[in-house]
Amino acid sequence: MKFSLMVNEGPYNHQASDTAYNFAKAVLAGGHEIFRVFFYHDGVNNGTRLTTPPQDDRNIVERWSAMAAEHGVDLVICVAAAQRRGIADEDESKRNGKDADNIAPGFRISGLGQLIEAGIQSDRLVEFGD
Amino acid sequence: MSETKKMLYINRNAPYGTVYALEGLEVVLIGAAFEQDVSMAFIGDGVYQILKGQDTSDSDMKNFSPTYNALGDYEVTKLYVEQESLDERGLTVDDLMPLVYEDEDDDWAEKPSIVLLSRAELAGVMAEQDVLFNF
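Since this is a predicted model, take the numbers as computed values, not measurements.

Draft legend 1. Layout of the overall build of chain B. Helix and strand content of chain B: 3 helices and 7 strands. Reading chain B from its N terminus to its C terminus gives the helix and strand order β-α-β-β-α-β-β-β-α-β. In terms of overall dimensions, chain B is globule-like: its C-alpha atoms have a radius of gyration of 15 Å, near the 14 Å expected for 135 residues. Taken over the C-alpha atoms alone, chain B extends approximately 45 × 30 × 30 Å along its principal axes. The 135 residues of chain B split such that 44% are buried.

As structure tokens, this is what we get:
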């Protein structure tokens, strides 16, 4: 089965990202496909490489990046939500006249159409958040 | 992407206080370009999103309620409002914005977009959907 996930809450503040990650792992372990993981609302904060959790805690951002590297999972951050919250890749940073970018490896920034497409293309779209 | 799916955007949150309503509406407007069978539901505090006469001037929040008037032009014409959610908040349909659309199959006659449904009826609508978006 083809799944897409939507992550609506920031890391550490809320369980949504942890649950989504574990769900994604189970999907892959079950031999299913992940079409896309879409990060929206505060969920875009899952994609900053500047995250520095204490060493004895899980690194939520690196976990997602590793999943993208190992399984080719498409991690998409919503551009409009990202702009509000200061998540930028090199292009976005330049375009908006900022002095830095912070996107984590394996993530890409794109539009809300990617979420709608995920809903159309996937057998199941599973949402994580409040 | 020729396949057409039934998509329901479920709005559960008040318009201000959290960003879910505003960013949820942005998804609906972008999604309209994909020519799917789209509808919206307003339940719980979500009914406050389409309350008439919203005034945010004292709170420095952007009043985005006029955007709901544009939904008809985006061919989002089915706005389901849960009757029990109105009742529980002491509201009636007269407290809501008179949202309308122009029916292209009926000589562009202006028709109300808001459809009042009971909780049980709305559950039936949800069960018919291919995709549910929760905001």
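Draft legend 2. Representation of the sheet that holds strand E4 (residues 107-110) of chain A in the model. Residues and elements named next belong to chain A. Here we have 5 strands laid out as an open sheet, ordered E4-E3-E2-E1-E5, and parallel in their pairing. Whereas interior strands pair on both sides, the edge strands pair on one side only; in this sheet they are E4 and strand E5 (124-128). This sheet shows a mean twist of 25° between the axes of neighbouring strands, independent of strand direction. Relative to strand E3 (residues 75-78), strand E2 (residues 33-39) is paired through 3 bridges, and the arrangement is parallel. Across the sheet, residue Phe39 finds its bridge partner in E3, namely Ile77. Strands strand E1 (2-7), E2, E3, E4 and E5 of the sheet are contacted by helix H5 (residues 113-121), whose axis makes an angle of about 150° with E2.

Draft legend 3. Focus on the interface of chain A and chain B. Each partner contributes to the interface: chain A provides 21 residues, whereas chain B provides 22 residues. For the chain A and chain B pair, buried surface summed over both sides reaches about 1,800 Å², with 59% attributable to carbon and sulfur atoms. In terms of surface lost to chain B, no three residues of chain A exceed A:His41, A:Ile116 and A:Ile120, which account for 34% of the buried area on that side. Summed over the shared surface of chain A and chain B, the number is 3 salt bridges. Between A:Arg85 and B:Glu23 there is a salt bridge, with the nearest N and O atoms lying 2.9 Å from each other. Where chain A touches chain B, the interface holds 11 residue pairs in polar contact (both at pLDDT 80 or more). Where the side of chain A that touches chain B is concerned, the elements lending two or more residues are helix H3 (79-85), H5 and E5 of chain A.

Draft legend 4. Up close: the sheet that holds strand E6 (residues 114-117) of chain B. Strands sit in the order E6-E3-E2-E1-E7 (chain B) across an open sheet of 5 strands; the sheet is parallel. Of all strands in the sheet, those with a lone pairing partner are E6 and strand E7 (131-134) of chain B, marking the two edges. Averaged over all pairs of adjacent strands, the angle between their axes in this sheet comes to 25°, without regard to strand direction. Sheet topology places strand E1 (residues 6-11) of chain B next to strand E2 (residues 37-42) of chain B; 6 bridges connect them, and they run parallel. Within E2(B), the position partnered with B:Asn11 by the bridge is B:Phe42. Taken strand by strand, H5(A) contacts E1 and E7 of chain B, and its axis lies near 130° from that of E1(B). Seen against the sheet, helix H3 (residues 119-127) of chain B touches E1, E2, strand E3 (79-82), E6 and E7 of chain B and runs at an angle of roughly 115° to E6(B).

Draft legend 5. Region of the structure containing the pattern of salt bridges. This structure, assessed with the given rule, holds 21 salt bridges over all chains. When the shortest N-O distance is used, the salt bridge between A:Arg63 and A:Asp18 registers 2.9 Å. Pair noted here: A:Arg63 is in helix H2 (residues 60-71) and A:Asp18 is in helix H1 (residues 16-29), with a separation of 45 residues, a long-range link. We note that A:Arg63, like A:Asp18, is buried. Salt bridges here are not isolated pairs; linked through shared partners, they connect A:Asp42, A:Arg84, A:Arg85, B:Glu23 and B:Glu26.

Draft legend 6. Spatial organisation of the nonpolar core. Ranked by size, the top nonpolar core spans 67 residues in total, and within it A:Trp64, B:Tyr9, B:Tyr68 and B:Phe133 carry the most contacts. Per element, the largest residue contribution to this core is 6 residues, and it comes from helix H1 (residues 20-31) of chain B. Look past the residues within four positions of B:Phe133 in its chain and what remains in contact with it is A:Met6, A:Leu115, A:Ile116, A:Leu125, A:Glu127, B:Met7, B:Leu8, B:Tyr9 and B:Ile10. B:Ala41, B:Tyr80, B:Leu117 and B:Leu122 belong to the second-largest nonpolar core, a separate cluster that totals 8 residues.

Draft legend 7. Spatial organisation of the environment of A:Ala68. Residue and element names in this part refer to chain A. Topologically, Ala68 is positioned in helix H2. Accessibility expressed as a relative area gives 11% for Ala68, which makes it buried. For Ala68 and Val37, which are 31 residues apart along the polypeptide, the C-alpha to C-alpha distance reads 9.9 Å. With residues near it in sequence (within four places) discarded, Ala68 still touches Val73, Leu75 and Gly106.

Conventions we followed
Residues numbered from 1 in each chain as written. Chains lettered and ligands numbered in written order. Predicted model: local features only at pLDDT ≥ 70, side-chain atom pairs only at ≥ 80, totals over all residues. Heavy atoms only, no water. Helix = DSSP H or I, 4+ residues; strand = E, 2+ residues; numbered from the N terminus. Rg over C-alpha atoms; globule rule 2.2 N^0.38 Å. Buried < 20%, exposed > 50% of the residue type's maximum accessible area, 1.4 Å probe, protein only. Pairing = 2+ DSSP bridges. Axes fitted to C-alpha atoms, helices over the stretch in contact; angles between N-to-C directions. Contact = heavy atoms within 4.5 Å. Buried area = accessible area lost by both parts, 1.4 Å probe. Salt bridge = Lys/Arg side-chain N within 4 Å of Asp/Glu carboxyl O. Polar contact = N/O pair within 3.5 Å; in protein donor to acceptor, adjacent residues only side chain to side chain. Core = buried A, V, L, I, M, F, W, Y, C linked by side-chain atoms within 4.5 Å.

Read these as layout, nothing more, since geometry by itself doesn't imply function.
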